[in-house]
Amino acid sequence: MKWFKKGASEKPSTLEEMIKDLKQSIDFVAYENKASDQPYRLIYFASLVDSEQLHRDILPVIKECKSKSLEDLKGILPIENIEISSELSVIQERLLEGYLAIQLSRGQKVLLVNISLRKSRDLSAPEIEFSVMGPKEGLVEDLHTNMNLIRRRIPHPRLRMKEITVGTISKTKVVVAFIEGVASEQNINTVMQRLEDLDFDIISDSSFIGQMLEDNSLSVFPQMIDTERTDRITGHMNFGAFAILTEGSSNALIGPINFGQLLVSFEDYYLGWNIASFFRVVRMIAILASIIATPLYVAVLTYHYELFPSKLLATLISSRSDIPFSPVIEVFFLEVTIDLLREAGARMPTKVGQTLGIVGGIVIGTAAVEASLTSNILLILVALSALASFTTPVYRMTNTIRFLRYPLIVFAQFLGLIGVALFGLFILTHMIRLTSFGNPYLAPLYPPRVKDWYDSFFRLPYVMQKNRFQFFRGKQTKRFEDKKKRQKHHLDFDEQ
Amino acid sequence: MKYCSLIVLCILLTGCVAEEIIDEVPILFIVGYDNGKEGKIKGTISLQTFDPNQEVETRSFEAEAYTSKGLRNQLSGLPKPISIGKMAVLLFSEDMAEEGIIDVLDSFLRDPAAGRLIYVGVVEGSAGELIKNEFQYLQGIGPFLQNLIKQSIEYGNMPQNNIHLFDYKYYGDGMDPVVPILKKEKTEVKITGLALFEDEKMVGKLNLDEMFMFALINKSFSAGLYELELPDGEYANLQKIKSKVKYKVKNGNTNPSVNISIKLNGNIVEYTGDKLSKETKQEIAKTLERKVKAHGDEMVKKFQELGIDPFSIGDHARSQTRNFDFKKWYDRYPDVPVTIDVKVNIGESGIID
């Protein structure tokens, strides 16, 4: 960033110099009107201001205005965001935000009017985190809209939103939203401090911030949840988490989290507790199976054929009997193929992507078996584990799962089941050590927080979710009052 | 540094584990041992090869050596390494069983690659001939025999046995192992009874009928079907016979006497007579009681004469006597009075009653 700092050091010292400097861009306008009885000058970035508003609301007022001071003009203009300044840095900053500077007399003093143009796409349903039930409302790239979406869902005076600007070039506005009292002060202080310490030039997306705020940036496990669902954001804020909204990003970051929350789809809360619990268990099994299925295949076929039941041996051996590769090559070949398909599908336009899925799934799969490059049992395993990896509700977690199996396959090839166990231990130790904003990553499990288990591997009915999670250590510990206490003040029709 | 050392370990440790890729190792399910020439052991194995069309082809190989592991080197028609991880059945010819088999079993018991549920069997005639015979069993002779013995234990009338029980009863005091006897016939393999061992040597056998009685008396057991001949010439078929057995040994060290009380529960599923009345049921129960007692007495006598203890009476005596003295027990065992009490209870005789 040296070049930038060097440029910044040659600061213009007067308004005229600044205008001359900025004039080098074609979208900068410094229009001087000397013809009217009241000469004035308009300075703005044409690409940033709403020209309609300029012509409709401002130009007529200036023309009709007989007074000669900026203060009078400030009183007449039908716009709320107006200030008068003569400070060069403020003027430049405001101009870059889409303000219009009006100069009446020669001098530094200008009237700054906010007529910035806001263009954002319409609200749309979340595309990545789809759910069958529940609200279909996703964040958009506009920070203001996003804040509005959240505030509307939590119309509570204690909902705080703190703004901070990060990025030396992009000057991205970042908002940290949380519910005071529910979120722990310590967590908020941590995240605010980390945001303040951020030093980077351009923040293109919230994921930039997500990666820079993580406790352990070497870890493959996401330590914050990226989400575009407003219900998820507000739900987590109600648990005691904070959300980080970023200008220009349709994803919010939620933190602190624990590992279990990565496996929770917010739709779980819309289904019945028993059904949701069942799906959570299914998802956990799916994730485990997805990681270890193919490494186990490698380990067992290479070292521990005894583990197969005799009846399965015949099917397995005959399916592998004319394959020229060792199991590990076979597995790598298919796994890489699946990941290629996934990667190509993600880059392709939707319609091409569908064709690609068919070509990849059916043609490559069956052709590989027919050409005896892979056994059909492995094909089933790989397809199943790919399917299982996409059951995770958080996209970054899906990638983690897809990534983790490759080192595991290598370990399985080198040391067999012992290698699988070793790698499992390695991951477990890593996860135990991992923290999210200082909070233990494997929290309700280790350190054991038995009181938090009501909504972890399974979900109990809402009546039993009386207490807030201990994990977030907020001041407020109750979610609602006890039913019995409420009944004291309650008069039923029958009792009269 | 941590990662570096892990990678280095991965590379360095690879030499330590031998790969056994599933379709490249010959997988054995069965071995048959016969007496070879000049005191050698003759081993016969049957190997399955699997086609892509899921067809199984079996081939047998034989070799002679002085030790069972030495056979592996002599099997020169086989790709190495020969692995015994899926070994299911060990067969010994009667001749060899009479000379002792513990040397061979020991090598299997010591091998960590060998499973724990290997069945041991004695073959009437040559074990090698039985294995070499192409019986047209779809899954091959090894898995078939494994299934045969397993099913006879689970649903049939055979007492529990496998290589570990053999080992336990071989080393344990006051007990002796038993193993099933198999016989090759023209088109199939049959279980013909139970071989009785004195330690590692086979000394006698029981036929199928006795094997059933043995299973009932030996231990609490639930058996399959039993056909009972009644004194009036009719036949009754009993199903789901469950026995509850209690051994009581009195004065184990001084003047031992043994009582075996057996409670039997069974259902009548078939009866050749006219009607299954209450009296006939009682008749059936009484007949079975008499039969079990007679067979039991006869078997105990036989065991005492042979000086073997497949019922583990000695072990029961040890568990019920303080400071039990095995030396005295062995001397007294042939003359210990053993009484058997049998009580039969007929549970159901069908849904129409």
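Worth saying up front: this structure is predicted, and the values here are computed from it rather than measured.

Chemist: Got a minute to help me understand the overall build of chain B in this structure?
Modeler: When its secondary structure is counted, chain B shows eleven helices and 13 strands. Projected onto its principal axes, the C-alpha coordinates of chain B cover approximately 80 × 55 × 55 Å. Across the 353 residues of chain B, 50% fall into the buried class. Put simply, of all contacts in chain B between residues at least 6 apart along the chain, 66% involve residues at least 24 apart. Carbon and sulfur atoms provide 49% of the accessible area of chain B, an area that totals close to 18200 Å². Distance between charge centroids for chain B: 7 Å, based on 43 positive and 52 negative side chains.

Chemist: Sorry, what's going on with the pairing of strand β10 (residues 252-255) of chain A here?
Modeler: Residues in a regular strand point their side chains to alternate faces of the sheet. Residues and elements named next belong to chain A. In β10, alternate side chains face the same way, and those of Ala252 and Ile254 on one face and Leu253 and Gly255 on the other are all buried. When strand β8 (residues 225-227) meets β10, the two strands line up antiparallel, connected through three bridges. Bridge pairing in β10 places Asp226 opposite Leu253. Where strand β9 (residues 242-246) meets β10, three bridges bridge the pair, whose relative direction is antiparallel. The residue of β10 that forms the bridge with Phe242 is Gly255. Counting the residues that bridge the hairpin from β9 to β10 gives five residues, and of these Gly248 lies at a positive phi of roughly 85°.

Chemist: Is there a simple way to explain the sheet that holds strand β6 (residues 159-166) of chain A in this structure?
Modeler: To summarise the sheet geometry, strands pair through backbone hydrogen bonds and adopt either a parallel or an antiparallel arrangement. Residue and element names in this part refer to chain A. Pairing is antiparallel across the open sheet formed by five strands, whose spatial order is β6-β7-β9-β10-β8. Sheet topology places β6 and β8 at the edges, where each strand pairs with a single neighbour. Going from strand to strand, the sheet's axes swing by 25° on average, the running direction of each strand aside. Two strands pair when backbone bridges link them, and strand β7 (residues 172-179) and β9 are joined in this way by four bridges, in the antiparallel orientation.

Chemist: Please clarify how the sheet that holds strand β3 (residues 82-85) of chain A should be interpreted in this entry.
Modeler: All names here are of chain A. Spatially, β1-β2-β4-β5-β3 is the arrangement adopted by the five strands of the open sheet, whose pairing is antiparallel. Pairing within the sheet leaves two strands with one partner each, and these edge strands are β1 (28-33) and β3. Geometrically, the sheet is characterised by an average inter-axis angle of 20° between neighbouring strands, direction not taken into account. Two strands pair when backbone bridges link them, and strand β4 (residues 99-103) and strand β5 (residues 110-114) are joined in this way by four bridges, in the antiparallel orientation. Residue pairing in the sheet places Ile102 in a bridge with Leu111 of β5. Strands in contact with helix α3 (residues 51-64) are β2 (40-45), β4 and β5; relative to β2, the strand with the most contacts, it is inclined by about 160°.

Chemist: When you look at the confidence of the model for chain B in this model, what are you seeing that I'm missing?
Modeler: The predicted coordinates of low-pLDDT regions are not to be read in fine detail. Looking at chain B as a whole, its pLDDT mean stands at 86, while 97% of the residues score no less than 70. Both confidence scores are given for the complex: pTM 0.82, ipTM 0.78.

Chemist: I keep staring at the packing of aromatic side chains and nothing clicks. Help me out?
Modeler: How two aromatic rings sit relative to each other is given by the distance of their centres and the angle of their planes. Residues and elements named next belong to chain A. On inspection of all chains with the given rule, the structure shows 31 aromatic pairs over all chains. Relative to Phe469, the ring of Tyr454 lies with its centre 5.4 Å away and its plane at 10°, an arrangement referred to as stacked. Taken together, the positions of Tyr454 in the loop between β12 (439-440) and α17 (483-488) and Phe469 in the loop between β12 and α17 put the pair 15 residues apart, joining distant regions of the chain. By relative accessible area, Tyr454 is classed as buried at 8%. Owing to a relative accessible area of 9%, Phe469 belongs among the buried residues under this scheme. Seen in terms of ring centroids, Phe471 and Phe472 are 4.9 Å apart; in terms of plane orientation they differ by 85°. Their pairing is edge-to-face.

Chemist: Help me understand the nonpolar core in this model?
Modeler: Grouped burial of nonpolar side chains is what soluble globular proteins tend to show. Counting 71 residues, the largest nonpolar core has A:Phe221, A:Ile233, A:Met237, A:Phe259, A:Leu262 and B:Ile22 as the members making the most contacts within it. Ranked by the residues each element gives to this core, the list is headed by helix α16 (residues 395-433) of chain A, at eleven residues.

Chemist: How should I be thinking about a positive patch on the surface in this particular structure?
Modeler: All names here are of chain B. Taken together, the side chains of Lys244, Lys246, Lys248, Lys250, Lys263, Lys286, Arg290 and Lys343 make up a positively charged region of the molecular surface. Top contributing element to the positive patch by residue count: strand β11 (residues 235-250), with four residues. Summarising the element assignment, Lys250 is placed in strand β11. By relative accessible area, Lys250 is classed as exposed at 56%.

Chemist: Teacher, can you tell me more about the interface of chain A and chain B here?
Modeler: Many structure descriptions define interface size as the accessible area lost when the parts assemble. Taken together, the 25 residues of chain A in the interface contact 26 residues of chain B. For the pairing of chain A and chain B, the buried interface totals around 2400 Å² over both sides, and the portion due to carbon and sulfur atoms is 68%. Counting every contact that joins chain A to chain B gives zero salt bridges. On inspection of chain A and its partner chain B, the count reaches six residue pairs in polar contact (both at pLDDT 80 or more).

Chemist: What is the right way to read the pattern of salt bridges from this model?
Modeler: Between side chains of opposite charge, a pair can form when the charged atoms approach closely. Residue and element names in this part refer to chain A. Tallied over the full model, the rule gives 36 salt bridges over all chains. Of the charged contacts, one joins Arg94 and Glu93 as a salt bridge, the two residues approaching to 3.8 Å between their closest N and O atoms. In this structure Glu93 comes out as partly exposed when scored by relative accessible area, which is 41%. Residues Glu129 and Arg232 are paired through a salt bridge, measuring 3.7 Å at the closest nitrogen-oxygen approach. Of this pair, Glu129 sits in the loop between β5 and α6 (143-153) while Arg232 sits in helix α9 (residues 230-239), placing them 103 residues apart in sequence. Summarising the burial analysis for this pair, Glu129 and Arg232 share the class buried. Residues participating in the shared-partner salt-bridge network are Glu335, Asp339, Arg342, Glu343, Arg347, Arg402 and Arg405.

The rules behind each value
Residues numbered from 1 in each chain as written. Chains lettered and ligands numbered in written order. Predicted model: local features only at pLDDT ≥ 70, side-chain atom pairs only at ≥ 80, totals over all residues. Heavy atoms only, no water. Helix = DSSP H or I, 4+ residues; strand = E, 2+ residues; numbered from the N terminus. Buried < 20%, exposed > 50% of the residue type's maximum accessible area, 1.4 Å probe, protein only. Contact = heavy atoms within 4.5 Å. Areas by Shrake-Rupley, 256 points an atom, 1.4 Å probe, with all protein chains shown as cover. Lys, Arg positive; Asp, Glu negative; His and termini not counted. Charge placed at Lys NZ, Arg CZ, Asp CG, Glu CD. Pairing = 2+ DSSP bridges. Axes fitted to C-alpha atoms, helices over the stretch in contact; angles between N-to-C directions. pLDDT = per-residue confidence, 0-100. Phe/Tyr/Trp six-rings, centres within 6.5 Å; stacked < 30°, edge-to-face > 60°. Core = buried A, V, L, I, M, F, W, Y, C linked by side-chain atoms within 4.5 Å. Patch = residues over 30% accessible without salt bridge, like charges linked within 9 Å, V, L, I, M, F, W, Y side chains within 5 Å. Salt bridge = Lys/Arg side-chain N within 4 Å of Asp/Glu carboxyl O. Buried area = accessible area lost by both parts, 1.4 Å probe. Polar contact = N/O pair within 3.5 Å; in protein donor to acceptor, adjacent residues only side chain to side chain.

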